[in-house]
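Read off the chains here:
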Amino acid sequence: MTVRNYSAVSKIISYQILTIIIMTAGFALMAGRSYALSAALGGAAAFIPNLYFALRVYKSAGQEARKIVRSFYAGESGKLLLTAALFFMIFQLPNIEILPLLAVYIVALSVFWFALLMR
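This text gives an overview of the structure that appears in the document. (Residues numbered from 1 in each chain as written. Predicted model: local features only at pLDDT ≥ 70, side-chain atom pairs only at ≥ 80, totals over all residues. Heavy atoms only, no water.)

Moving on, we come to the overall build of the protein chain. A tally of regular secondary structure across the protein chain gives 4 helices and 0 strands. Element order for the protein chain, N to C, with α for helix and β for strand: α-α-α-α. Each of the three principal axes of the protein chain carries a C-alpha extent, and together these read 50 × 30 × 20 Å. The buried share of the protein chain, taken over its 119 residues, is 32%. Sequence separation of at least 24 residues holds for 73% of the intrachain contacts in the protein chain that already meet a minimum separation of 6. (Helix = DSSP H or I, 4+ residues; strand = E, 2+ residues; numbered from the N terminus. Buried < 20%, exposed > 50% of the residue type's maximum accessible area, 1.4 Å probe, protein only. Contact = heavy atoms within 4.5 Å.)

See the structure below:
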């Protein structure tokens, strides 16, 4: 992975964190603690698997093409499993609010797509 690619990945991750923080604060101010916690957990359910995938792909940089492709597949599989496990754990918690959870999850995921469109 080149410095430029690393820079793009770090920007996307930074924007995701910033978006999660802003939305969580907004839900905290508008609706209180349970909404803020749900929003933060939705953001974590998006951010943690994306970070795992980014680190996995970053480690494969400079290797032969077959290993890079394998790393992408393994990273995506791990990302999906991690997302499912996080949502399973989140839904075990009491007083989880669905609206902020899914809103922040979807917005945090969309940061990646908007960043690609802006390039």
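We now examine helix α3 (residues 65-90). Spanning 26 residues, α3 covers 37 Å between terminal C-alpha atoms, matching the ideal 38 Å at 1.5 Å per step. Buried within α3 are the following residues: S71, G75, G78, K79, T83, L86, F87 and I90. (Expected span 1.5 Å × (residues − 1).)

The subject of this paragraph is a nonpolar patch on the surface. Taken together, the side chains of F91, I98, L102 and I106 define a hydrophobic patch exposed on the protein surface, amounting to about 370 Å² of accessible area. By the secondary structure assignment, I106 is in helix α4 (residues 98-118). Taking the relative accessible area as the measure of exposure, I106 reaches 54% and is therefore exposed. (Patch = residues over 30% accessible without salt bridge, like charges linked within 9 Å, V, L, I, M, F, W, Y side chains within 5 Å. Areas by Shrake-Rupley, 256 points an atom, 1.4 Å probe, with all protein chains shown as cover. Salt bridge = Lys/Arg side-chain N within 4 Å of Asp/Glu carboxyl O.)

One way to put it is that helix α2 (residues 33-59) packs onto α4 with a least axis distance of 7 Å and a crossing angle of 35 degrees. When you trace α2 past α4, the crossing you get is right-handed. Between α2, through Y35, S38, A39, L41, G42, G43, A45, A46 and N50, and α4, the contact on the second element is made entirely by P100, L101, V104, Y105, A108 and L109. (Axes fitted to C-alpha atoms, helices over the stretch in contact; angles between N-to-C directions. Left-handed = near helix turned anticlockwise from the far one by under 90°.)

Among the nonpolar cores identified, the biggest contains 17 residues, and A45, I90 and L101 are the most heavily contacted of them. When contributions to this core are tallied by element, the ones reaching two or more residues are α1 (3-31), α2, α3 and α4. The element that contributes the greatest number of residues to this core is α2, accounting for 6 residues. (Core = buried A, V, L, I, M, F, W, Y, C linked by side-chain atoms within 4.5 Å.)

Turning our attention to the packing of aromatic side chains. Considering all chains together, one arrives at 5 aromatic pairs under this definition. On the basis of an interplanar angle of 80 degrees and a centroid distance of 5.7 Å, the ring pair of F53 and F72 is categorised as edge-to-face. Within this pair, whereas F53 is found in helix α2, its partner F72 is found in helix α3, the two being separated by 19 residues in sequence. Judged by relative accessible area, F53 falls into the buried class, the value being 18%. An angle of 20 degrees between the planes, with centres 6.0 Å apart, marks the rings of F87 and F91 as stacked. Among the aromatic residues, those joined into a ring-pair cluster are F87, F91 and Y105. A cation over an aromatic ring shows up here: K79 above the ring of F53, its NZ or CZ 5.5 Å from the ring centre. (Phe/Tyr/Trp six-rings, centres within 6.5 Å; stacked < 30°, edge-to-face > 60°. Lys NZ or Arg CZ within 6 Å of the ring centre and 35° of its normal.)

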